[in-house]
Every structure is written in C-alpha cells, then in structure tokens.
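Structural characterization, general
Here's the letter readout for the chains.
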Amino acid sequence: MRAGDGVIQKLGKNVGRYHGETIDIDHVRAEAHRLALQHGWQCDTFLNSGGLTLRAYRRSHPHAKKNLYISTGIHGDEPSGPLAISRLLEEDNWPDANLWLVPCLNPTGFPLNTRENAAGVDLNRDYRHLTTTEISAHVRWLSDQPNFDLAVILHEDWEANGFYVYELNPRDLPSFAEPIVDSVRDLCPVEIAELVDGWPIKAGIIRPNIHPKDRPQWAEALYLVVNKTPRSYTLETPSDFPLALRVETHVRAARRAFELFAS
Ligand SMILES: [Zn+2]
C-alpha cells in the first residue's frame, strides 16, 4: 500500500464536516490512564468539576535536561490523536527527556463528534482570553510547569488531501518539518494544496508568519510559543482516510519528531 501509487484514495465521506469513524473517548482515556500509570507516569488531574475531568501525565528522566510536551484531543472530531497517544504509551519508546503529556483536552466534544466542546466553543481558539473551564484549567496547569524545548501537538483536518505539518519556530532554530513529512511519505499522501486555512503551504509544511499580539484568538500552539516553548509542531492527518492509517501516520511522525529532538 503506497501513497505514491495512487492506491490510497480519500474515502469521500467528509462532506461539510468529519463523517468518519468515531471513538469511545471514555474508553480511550481510561486506556491511556492505565498505560501511563503502568509505565511510571505521574497523573495530574488539573480539572475535576461538574462531571468534567482533565488529566495530564508527567514522567521525569534521571539524566535528561530536555523537556518535551505532547498534547492532543482538543477537537472532538479528530479521533486519531488520542488513539496515537495510547499507542505511544503502549510502545513506551520515548526520547531521553522529561515528558509532559495531555491525551485529551475536549472530552465533551468526542461523544458529539464535533470540533467544539459540548457548549459549542472551539477550545483551540481560547488560549488568549480563557473563557472556557477546560482551557482556563489547562493554562493554569501549564503555568505551573517548567518551559519545554519542544511541543508536539496532534490534530486532524477533515478537508485535507494529505498529511501536513504546521511549524511555529520564531527563533529560526533548526527545523524538523521536512524530515517529519518525509517520514510518512510512503504511508500517507502529503497535502498538495497551495493554501490551507488561508496559509500558504509548501511540500506539506505551513510556516505561518504570525504576530501573536495582532491575533485576537490564540490556539494552543501559539500560546505555547509565546509562553512555554521555542518550537511547536502540529501534526495534521487528513481525516477523510481510514482511521487506522491516520493513527499509524501520527505515530510515525511523532516518533520522527522525538528522534530529531533527541539527536
Ligand atoms: Zn484540530
């Protein structure tokens, strides 16, 4: 099965929104929790109110000086990220780094298969004004953590024709974007459009020229590069392809990012 041979086609299900496979998020979160504890991660429950529980996991490395942050599950119509996190936890093959992991930021969106939470708010636009319980709690927890050297965030795009990476690297550190895209090329098509969400995209990479202060709403990645990390990679799988392929793609791309980070 090779993307380049044209064997993998879009399913054609995503008309107007994501219509693909869904997940039982309670089950997926319980599995991530079980795996994390089994492999020696510490759990921080950073929100537990009104039936809404949000958890992060931390694992320190005895000799490592670098800090890696991974998060996903902020959009309830993007099931690949939370599944990929469970796979990564199960494989337990992380770089020699101190690790911070947030496996699901939008538990009320997944049962509805909506990008937004159950109240209809896109949580990934709330990092500047903090109007939601979820993101207020997330930012409070983040501000108690040390700075990270790298953030890796897993998302999906229901309109995309292929995989792409959204890089925020304002200090022009060596870029991981090309090797991350290359790592999935034989598995998943790479985005060929010239514009995604209004941003120019080249060879599957978006490098938005963003001035945070000018932007009325902040995504998690933008909050992180303003406050917590010099570099952020958002790994976007195209959700009009089979879920198993997207999970494999996320896992492979994340692993490549971890290798580059460790080297
Ligand atoms: Zn998303």
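The following paragraphs examine the structure supplied in this document. The shown structure was predicted, so the numbers you read here are calculated from the model rather than taken from an experiment.

Procedures and definitions
- Residues numbered from 1 in each chain as written.
- Predicted model: local features only at pLDDT ≥ 70, side-chain atom pairs only at ≥ 80, totals over all residues.
- Heavy atoms only, no water.
- Donors = N, O, S within 2.8 Å, 3.2 Å for Na, K, Ca; no water.
- Tetrahedral: all angles 85-135°; square planar, octahedral: opposite > 155°, others 65-115°.
- Helix = DSSP H or I, 4+ residues; strand = E, 2+ residues; numbered from the N terminus.
- Buried < 20%, exposed > 50% of the residue type's maximum accessible area, 1.4 Å probe, protein only.
- Pairing = 2+ DSSP bridges.
- Contact = heavy atoms within 4.5 Å.
- Axes fitted to C-alpha atoms, helices over the stretch in contact; angles between N-to-C directions.
- Phe/Tyr/Trp six-rings, centres within 6.5 Å; stacked < 30°, edge-to-face > 60°.
- Lys NZ or Arg CZ within 6 Å of the ring centre and 35° of its normal.
- Core = buried A, V, L, I, M, F, W, Y, C linked by side-chain atoms within 4.5 Å.
- Disulfide = S-S within 2.5 Å.

Observations regarding the coordination of the zinc ion
Ideal geometry at a metal centre: 109.5 degrees between donors when four sit tetrahedrally, and 90 or 180 degrees when six sit octahedrally. For the zinc ion, the protein coordination sphere consists of His 75 (ND1), Glu 78 (OE), Glu 78 (OE) and His 155 (ND1), at 2.0 to 2.3 Å. One can describe the site at the zinc ion as irregular: its four donor atoms subtend angles covering 58 to 151° at the metal. Spacing between the donor residues of the zinc ion along the chain follows H-x2-E-x76-H. With His 75 in the loop between β3 (67-72) and α2 (80-91) and His 155 in strand β5 (residues 150-157), this pair connects stretches of sequence that are 80 residues apart. The exposure class assigned to His 75 is buried, which follows from its relative accessible area of 2%. For His 155, a relative accessible area of 5% corresponds to the buried category.

Side note on the sheet that holds β3
Note on sheets: strands pair through backbone hydrogen bonds, and any given pair is parallel or antiparallel. Strand order in the open sheet formed by ten strands is β1-β2-β4-β3-β5-β10-β6-β9-β8-β7, with mixed pairing between adjacent strands. Of all strands in the sheet, those with a lone pairing partner are β1 (42-49) and β7 (195-196), marking the two edges. As paired strands, β7 and strand β8 (residues 199-202) are joined by two bridges and run antiparallel to one another. Counterpart to Val 196 in the pairing with β8 is Trp 199. Strand contacts of helix α1 (residues 25-38): β1 and β2 (52-59), with the helix running at about 30° to β2, the strand carrying the most contacts. Strands β6 (164-168), β9 (205-206) and β10 (232-238) of the sheet are contacted by helix α4 (residues 177-184), whose axis makes an angle of about 165° with β6.

Details of the packing of aromatic side chains
The geometry of an aromatic ring pair is captured by the separation of the ring centres together with the interplanar angle, meaning the angle of the planes. A complete count under the given rule lists seven aromatic pairs for this structure. When the ring of Phe 46 is compared with that of Trp 141, the centres are 5.6 Å apart and the planes differ by 25°; the resulting orientation is stacked. Highlighted residues: Phe 46 in strand β1 and Trp 141 in helix α3 (residues 133-143), separated in sequence by 95 residues. Trp 141 shares its class with Phe 46; the two are buried. The structure contains a cluster of three or more aromatic residues connected by ring pairs, namely Trp 41, Trp 94 and Phe 258. Lys 66 extends its terminal NZ or CZ atom over the ring of Phe 261, reaching a point 4.8 Å from the ring centre. Note that Lys 228 overlies the ring of Phe 148, its terminal NZ or CZ placed 5.7 Å from the centroid.

So, the nonpolar core
Ranked by size, the top nonpolar core spans 44 residues in total, and within it Leu 68, Leu 89, Phe 163, Ile 180 and Leu 235 carry the most contacts. Counting only elements with at least two residues in this core, the list comes to α1, β3, α2, β4 (98-102), β5, α4, β10 and α6 (243-262). When residues of this core are assigned to their parent elements, the largest contribution, nine residues, is made by α6. If we ignore the near neighbours within four places in the chain, the residues touching Leu 68 are Pro 95, Ala 97, Asn 98, Leu 99, Trp 100, Leu 150, Val 152, Phe 258 and Phe 261. In this structure, Tyr 69, Leu 123, Ala 137 and Trp 218 belong to the second largest nonpolar core, which totals 35 residues.

A look at the environment of Leu 168
Relative to the helices and strands, Leu 168 is located in strand β6. Spatially, the C-alpha atom of Leu 168 lies 22 Å from that of Ile 85, the residues being 83 residues apart in sequence. Contacts of Leu 168, omitting those with residues within four sequence positions, involve Pro 208, Ile 210, Ala 221, Leu 222, Val 225, Pro 230, Arg 231 and Ser 232.

Structural notes on the state of the cysteines
By the definition in use, this model includes zero disulfides. For Cys 104, which is in no disulfide, the shortest distance to another cysteine sulfur is to Cys 43 and amounts to 13 Å.

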